[in-house]
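The chain contents come next:
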Amino acid sequence: MYKLIDGKEVSAFIKNQVREEVEALKKQGKTVSLAVIIVGNNPASRVYVNNKKKACEATGIKSYEYALDENTSEQELLALIKELNENSEINGILCQLPLPKHIDEKKVIDAIAAEKDVDCFRAENVGKMWLGDYDFAACTPKGVMLLLEYYGIDVCGKNCVIIGRSNIVGKPMASLLIEKSATVTVCHSKTKNLSEFTRNAEVIIAAVGRPRFITADMVSDGAVVIDVGINRDENGKLCGDVDFESVKEKASYITPVPGGCGPMTIAVLMRNTLVAYHIANGK
Ligand code: NAD
């Protein structure tokens, strides 16, 4: 019998911890704040930004939204980021990706001050993660680690297989698992015989971006299955990378989509913003 990993419950727990600390600071007249930049009219980006704003409201973090026109130039965007970097009232800055094609995302990421980079996208923050000496960890992988921790799943010495090698999920996920002494394999689109890896995994983390890609025959009995994917199936229904209905019969623990990793990403973003506040205030 599998156990459902409830990302809504764990994210509420994390946000509540953040809220208590933010409220205590408010009583001393101090404000924790996050600037969110969105460029253009990508509907998915709008949903993500709205969810981040809602989480700010729930935790008491002050949010500033900068909704820029699709035709905003790279220079204009970089000028805004410079202004926000210099504004001591802003603790965290995030620029919702993807950006319109005429803007170089790498330049934008690199423009955000390292100590305000609450998404943990900048090279030095990524490097710090790999060294195990960091203030912020990447939101989605850190969210996965907090889920595992909450359910008492110790990855030490376990055979963990990540499917996906992106900069925002797969790679930082590997660093956090290694930090906890897991034995980590990162599979990707060029991996041969993927099932051979997944069938040997005690923990599977799917970050592929393909609806119900991981099927029951790819999973061993008792595996912990974490589904990072957020996809639409052929009927437009939200689903993960894991075929939940069949895989759950084999898993010991499994995350649903929605309600698994998604809410955790945002909860970690709130936590990172609080950390950014403390960095700015010398703690
Ligand atoms: P991406 O497209 O950057 O990376 C996908 C990865 O999957 C690549 O590394 C690729 O090599 C691998 N891949 C593709 N086809 C494969 C195959 N046939 N076999 C093995 N590997 C294969 O995507 P991403 O940004 O890492 O996101 C992955 C998924 O996670 C998406 O569904 C995305 O929406 C979701 N996501 C969720 C959250 C969250 O908060 N829960 C955050 C970020 C991304």
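This one's a predicted model, so the numbers in the text were calculated from it and none came from an experiment.

Student: Which residues make up the pairing of strand S4 (residues 92-95), and what are the values?
Tutor: Alternating residues of S4 divide into Gly 92 and Leu 94 and Ile 93 and Cys 95, and every residue in both groups is buried. Relative to S4, strand S2 (residues 33-39) runs parallel, the two sharing four bridges. Opposite Ile 37, over in S4, you have Cys 95 as the bridge partner.

Student: I'd like a rundown of helix H6 (residues 139-150), residues and numbers included.
Tutor: Its 12 residues place the ends of H6 16 Å apart at the C-alpha level, agreeing with the 16 Å of an ideal helix rising 1.5 Å per residue. Among the 12 residues in H6, 10 count as buried, and that is most of the element. Those residues of H6 not exposed but buried are Cys 139, Thr 140, Pro 141, Lys 142, Gly 143, Val 144, Met 145, Leu 146, Leu 147 and Leu 148. Looking at the buried side of H6, the elements it contacts are helix H1 (7-27), helix H7 (170-179), strand S7 (203-206), strand S8 (224-227) and helix H10 (261-280).

Student: Give me the site of the ligand: which residues, what numbers.
Tutor: Close to the ligand lie 21 residues, the nearest being Arg 165, Ser 166, Ser 189, Ile 230 and Thr 265. One of the backbone nitrogen or oxygen atoms of His 188 is found 3.4 Å away from a nitrogen atom of the ligand. The contact in question runs from a nitrogen atom of the ligand to an N or O atom on the backbone of Val 228, over 3.4 Å. Burial of the ligand by the surrounding chains reaches 74%, relative to a free accessible area of 850 Å². Broken down by element, the shell around the ligand gets its largest block of residues, three residues, from H10. Residues that form the shell around the ligand fall into these classes: nine nonpolar, 10 polar and two charged.

Student: Go over the layout of surface pockets, please, and point to the residues and values.
Tutor: Estimated volume of the largest pocket: approximately 1,300 Å³. Lining the largest pocket we find 47 residues, and of these Tyr 48, Thr 140, Ile 230, Gly 262 and Thr 265 sit closest to its centre. Counting residues per element, the ones that place at least two in the lining of the largest pocket are H1, helix H2 (43-59), S4, H6, strand S9 (231-232) and H10. Ranked by residue count, the leading element in the lining of the largest pocket is H2, at eight residues. Tallied by class, residues from the lining of the largest pocket come to 26 nonpolar, 14 polar and seven charged. Each of domain 1 (29-113) and domain 2 (139-262) contributes no fewer than three residues to the lining of the largest pocket. In this structure, the second largest pocket encloses a volume near 280 Å³. Phe 121, Arg 122, Ala 123, Val 126 and Asn 167 are, among the 15 residues lining the second largest pocket, the residues nearest its centre. Elements with a contribution of two residues or more to the lining of the second largest pocket: helix H4 (105-111), helix H5 (123-131) and H7. Looking at side-chain class alone, the lining of the second largest pocket contains 10 nonpolar, one polar and four charged residues. Structurally, the lining of the second largest pocket is a two-domain feature, drawing no fewer than three residues from each of domain 1 (29-113) and domain 2 (139-262).

Student: Go over the pairing of strand S6 (residues 183-187) with me, naming the residues and quoting the values.
Tutor: Examined bridge by bridge, strand S5 (residues 159-163) and S6 share five bridges and lie parallel to one another. Counterpart to Val 161 in the pairing with S6 is Thr 185. In this region the chain leaves S5, passes through H7 and returns to the parallel neighbour S6; the handedness of that crossover is right-handed.

Student: Which residues make up the packing of H2 against H10, and what are the values?
Tutor: Look at H2 against H10: their axes get within 10 Å of each other, and the N-to-C directions meet at 55°. Compared by their axis directions, H2 and H10 come out oblique. Between H2 and H10 lies a crossing of right-handed hand. Contacts between H2 and H10 involve Asn 51, Lys 52, Ala 55, Cys 56 and Thr 59 from the former and Ile 266, Leu 269 and Met 270 from the latter. Among the residues forming the contact of H2 with H10, the class breakdown is five nonpolar, two polar and one charged.

Student: Hey, could you go over unusual backbone geometry for me, with residue numbers and the actual values?
Tutor: Trans is the prevailing form of peptide bonds, just as negative phi is the prevailing case for residues other than glycine. Residue Leu 97 is joined to Pro 98 through a cis peptide bond whose omega torsion reads 0°. Mapped onto the elements, Pro 98 comes out in the loop between S4 and H4. A cis amide bond links Val 257 to the next residue, Pro 258, at an omega of 0°. Structurally, the position occupied by Pro 258 is in the loop between strand S11 (253-254) and H10. At Cys 120, a residue that is not glycine, the phi angle is positive and equals roughly 60°. Among the structural elements, Cys 120 can be located in the loop between H4 and H5. For Cys 120, a relative accessible area of 3% corresponds to the buried category. We note that Arg 212 has phi near 50°; this positive angle belongs to a residue other than glycine.

Rules used throughout
- Residues numbered from 1 in each chain as written.
- Predicted model: local features only at pLDDT ≥ 70, side-chain atom pairs only at ≥ 80, totals over all residues.
- Heavy atoms only, no water.
- Buried < 20%, exposed > 50% of the residue type's maximum accessible area, 1.4 Å probe, protein only.
- Helix = DSSP H or I, 4+ residues; strand = E, 2+ residues; numbered from the N terminus.
- Pairing = 2+ DSSP bridges.
- Expected span 1.5 Å × (residues − 1).
- Contact = heavy atoms within 4.5 Å.
- Near = heavy atom within 4 Å.
- Polar contact = N/O pair within 3.5 Å; in protein donor to acceptor, adjacent residues only side chain to side chain.
- Areas by Shrake-Rupley, 256 points an atom, 1.4 Å probe, with all protein chains shown as cover.
- Nonpolar A, V, L, I, M, F, W, Y, C, P; charged D, E, K, R; others polar.
- 1 Å grid on protein atoms, 1.4 Å probe; cavity = no way out; pocket = protein on both sides within 12 Å on 5 of 7 lines; lining within 4 Å.
- Points joined across faces, edges and corners; volume = space filled by probe spheres on them.
- Domains from an automatic or database assignment.
- Right-handed = clockwise from strand over helix to strand, strands pointing away.
- Axes fitted to C-alpha atoms, helices over the stretch in contact; angles between N-to-C directions.
- Parallel < 35°, antiparallel > 145°, perpendicular 65-115°, else oblique.
- Left-handed = near helix turned anticlockwise from the far one by under 90°.

Everything listed here is a matter of geometry and, on its own, says nothing about what the molecule does.
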